[in-house]
Amino acid sequence: MFDKFIANQAAKIEKVRTRQSNTKMNLIKTYSIIAVVAGHCRGGGIGFPMENWVLPYFYDMAVFVFVSGYFYKKESDDANFFSFIKTKALRLVVPYFIWNVVYGLLNTFFRGIGVIDYGDPISLYSLFVRPWVDGHQFHFNIPAWFLLSLFIVSVITYIMRRLMKLLHILNEEVLLAITFVISVISIYLAQKGYNSGVYLCLVRAGFLLPYFQMGFVYKKYESLLGKHKAVLIGVITGCVYALLVLSKGNLDITAVFAEFIGNPLVLTALTILEILLTATICEILAPAFCKSTIVKKIGDNTFSIMMHHGIILFSVNLVIYIMSKFVDISGFDVAAFKSTLWYAYQWRDSRIYLFYVILAVAVPIVIKDISNKVILRANSRKNMSAEEK
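Let us look at the structure shown here. These numbers were taken from a predicted model, which means no experiment stands behind them.

### Some points on the overall build of the protein chain
And step 1. Within the protein chain, the regular secondary structure consists of 16 helices and two strands.
And step 2. Per-residue burial over the protein chain gives 48% buried out of 389 residues.
And step 3. Relative to all contacts within the protein chain whose residues are 6 or more apart in sequence, the contacts with residues 24 or more apart total 77%.
And step 4. Of the accessible surface of the protein chain, which amounts to about 19,700 Å², a share of 65% is contributed by carbon and sulfur atoms.

### Structural notes on the state of the cysteines
As used here, a disulfide is simply a covalent bond connecting the sulfur atoms of two cysteines.
And step 1. Overall, the coordinates contain zero disulfides when judged by the stated rule.
And step 2. Of all cysteine sulfurs in the structure, the one in cysteine 282 sits closest to cysteine 239, which takes part in no disulfide; the separation is 19 Å.
And step 3. The exposure class assigned to cysteine 282 is buried, which follows from its relative accessible area of 6%.

### Concerning a nonpolar patch on the surface
And step 1. The grouping of Val181, Ile185, Tyr188, Leu189, Tyr194, Val198, Tyr199 and Leu202 at the surface amounts to a nonpolar patch, some 780 Å² of accessible area in total.
And step 2. Elements with a minimum of two residues in the nonpolar patch: α8 (172-191) and α9 (198-220).
And step 3. The element that contributes the greatest number of residues to the nonpolar patch is α8, accounting for four residues.
And step 4. Structurally, the position occupied by leucine 189 is in helix α8.

### Considering the packing of helix α2 (residues 23-39) against helix α13 (residues 293-300)
And step 1. Where α2 meets α13, the axes come as close as 8 Å, and the angle between the chain directions of the two elements is 70 degrees. One element, α2, and the other, α13, form an angle in the roughly perpendicular class. Of the residues in α13, those touching α2 at Asn26, Leu27, Lys29, Thr30, Ile33 and Ile34 are Val295, Lys296, Ile298, Gly299 and Asp300.

### Thoughts on the packing of helix α5 (residues 81-112) against helix α7 (residues 145-166)
In a packed pair of helices, the relevant descriptors are the angle between the two axes and the axis-to-axis distance.
And step 1. Packing of α5 against α7 leaves a shortest axis separation of 9 Å and a crossing angle of 170 degrees. Between α5 and α7, the crossing angle belongs to the class labelled roughly antiparallel. On α7, the residues touching Phe81, Phe84, Ile85, Lys88, Ala89, Leu92, Val93, Tyr96 and Phe97 of α5 are Trp145, Leu147, Leu148, Leu150, Phe151, Ser154, Val155, Tyr158, Ile159 and Arg162.
And step 2. Residue composition of the contact of α5 with α7, grouped by class: 16 nonpolar, one polar and two charged.

### Some details on the nonpolar core
And step 1. Grouped together as the largest cluster of nonpolar side chains are 110 residues, with contacts concentrated most on Met61, Phe140, Phe146, Phe314 and Tyr356.
And step 2. It is α9 that contributes the most residues to this core, 13 residues altogether.
And step 3. Once you skip the residues sitting within four places of it in the chain, phenylalanine 146 turns out to touch Met61, Phe64, Val65 and Met306.
And step 4. Among the nonpolar cores identified, the runner-up in size contains five residues, and Ala10, Ile13, Ile375 and Leu376 belong to it.

### Quick word on α7
And step 1. With 22 residues, α7 extends 32 Å from end C-alpha to end C-alpha; this agrees with the ideal 32 Å at 1.5 Å per step.
And step 2. Burial of α7 is extensive: 16 of the 22 residues sit out of reach of the surface.
And step 3. Positive backbone phi, approximately 60 degrees, marks histidine 168, located one or two places after α7.

### Looking at the pattern of salt bridges
And step 1. Summed over the entire model, instances satisfying the criterion amount to 10 salt bridges.
And step 2. For glutamate 222, the salt bridge is made with lysine 24, and the minimal N-O distance between the two is 2.5 Å. One end of the pair, glutamate 222, is in helix α10 (residues 222-226); the other, lysine 24, is in helix α2, with 198 residues separating them in the sequence.
And step 3. On the basis of relative accessible area, lysine 24 is assigned to the buried category, the value being 6%.
And step 4. Put simply, glutamate 173 and lysine 220 hold a salt bridge, and the shortest N to O gap is 3.0 Å. Note that glutamate 173 is positioned in helix α8 and lysine 220 in helix α9, a separation of 47 residues in sequence.
And step 5. Residue classification places glutamate 173 among the partly exposed positions, given a relative accessible area of 30%.
And step 6. The network of salt bridges with shared partners includes Lys24, Glu222 and Glu283.

### Digging into helix α14 (residues 302-324)
Structural remark: α-helix, 3.6 residues per turn; residues separated by three or four positions point the same way.
And step 1. Here α14 spans 33 Å end to end across 23 residues, near enough to the 33 Å set by a 1.5 Å rise per residue.
And step 2. Helix geometry: α14 is bent most strongly at histidine 308, by close to 50 degrees.
And step 3. Burial analysis of α14 places 17 of its 23 residues in the buried class, which makes it a mostly covered element.

Conventions adopted
- Residues numbered from 1 in each chain as written.
- Predicted model: local features only at pLDDT ≥ 70, side-chain atom pairs only at ≥ 80, totals over all residues.
- Heavy atoms only, no water.
- Helix = DSSP H or I, 4+ residues; strand = E, 2+ residues; numbered from the N terminus.
- Buried < 20%, exposed > 50% of the residue type's maximum accessible area, 1.4 Å probe, protein only.
- Contact = heavy atoms within 4.5 Å.
- Areas by Shrake-Rupley, 256 points an atom, 1.4 Å probe, with all protein chains shown as cover.
- Disulfide = S-S within 2.5 Å.
- Patch = residues over 30% accessible without salt bridge, like charges linked within 9 Å, V, L, I, M, F, W, Y side chains within 5 Å.
- Salt bridge = Lys/Arg side-chain N within 4 Å of Asp/Glu carboxyl O.
- Axes fitted to C-alpha atoms, helices over the stretch in contact; angles between N-to-C directions.
- Parallel < 35°, antiparallel > 145°, perpendicular 65-115°, else oblique.
- Nonpolar A, V, L, I, M, F, W, Y, C, P; charged D, E, K, R; others polar.
- Core = buried A, V, L, I, M, F, W, Y, C linked by side-chain atoms within 4.5 Å.
- Expected span 1.5 Å × (residues − 1).
- Bend = angle between axes of the 7 residues up to and from the residue.

Given below as structure tokens:
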């Protein structure tokens, strides 16, 4: 059993290592995951390029759904329903719940010794139910709520595509329009108060739904759009400017809680435009980064970064907290550290936040690389032993 697991993991690692890299998509994922991490520690002490135009927190989750849709294979439409569910569950759901148990135990330990004040007690609800609601049960893995939403979106898209294909009415553009209508309705329902309990799970998935199909359709027209990059950037920025200036009041999206401020149509249009703008800019930059190991590493490890950057941020603060017990560390807010995972110590000035971002992105990648090497070495030794016999 264990040997089979190691062999399967080794095969997956080799597949990732040998597959052809898509630099543009890696750049999109790199920018977006850094935006997510930086957003969790006060912007990382830096300003993002064009942050007054491309609003990272508007679309940072939608863009990952977009990338997933981009890599969706049309032959999956014909896959057995249970086989499709199993594949997606093994990739997204099972790892989530394994780490949910691990982080539940860690949270219980640190609460028990008085280091932190947040987190739920371990129970069937916190282990298996709340993750589908808001994912805030143990805090260390809060950012990973997205994985379960991506699973739901993938399954709903598959079902819609399968039904339309069976009825011989599958049209990619029509399906895209249908999913955008669902997204606008979901935003409207969330604004009317249907964004708690089971409703939160549904409206959040509804909001994200069209961006999976958008990624698939984008791939269809990618070469055409690539011929007019300068014109596309001009048109998109003009539309974004018009929407931002002409819209009344504040505009905001908090996907995790399905909280939306602004007209649902405007919010949807801005999300679409900002994804397209990011994709176009990344296409222009792709030739300069085609040999970048950093971009490839980050792009290939967004799952690990999303899952684990919370515990890295906490670990940095934990070290400072322990040091504060022995030496005077001016400005470290112990009460804030104990009450929230997202506390960041401002040492001298806000540029220290960049240190948090670098570690939160780099450490999960390093740990994943080490674990991959251990698995490959174990598999190699197993194969050598089998040959000797």
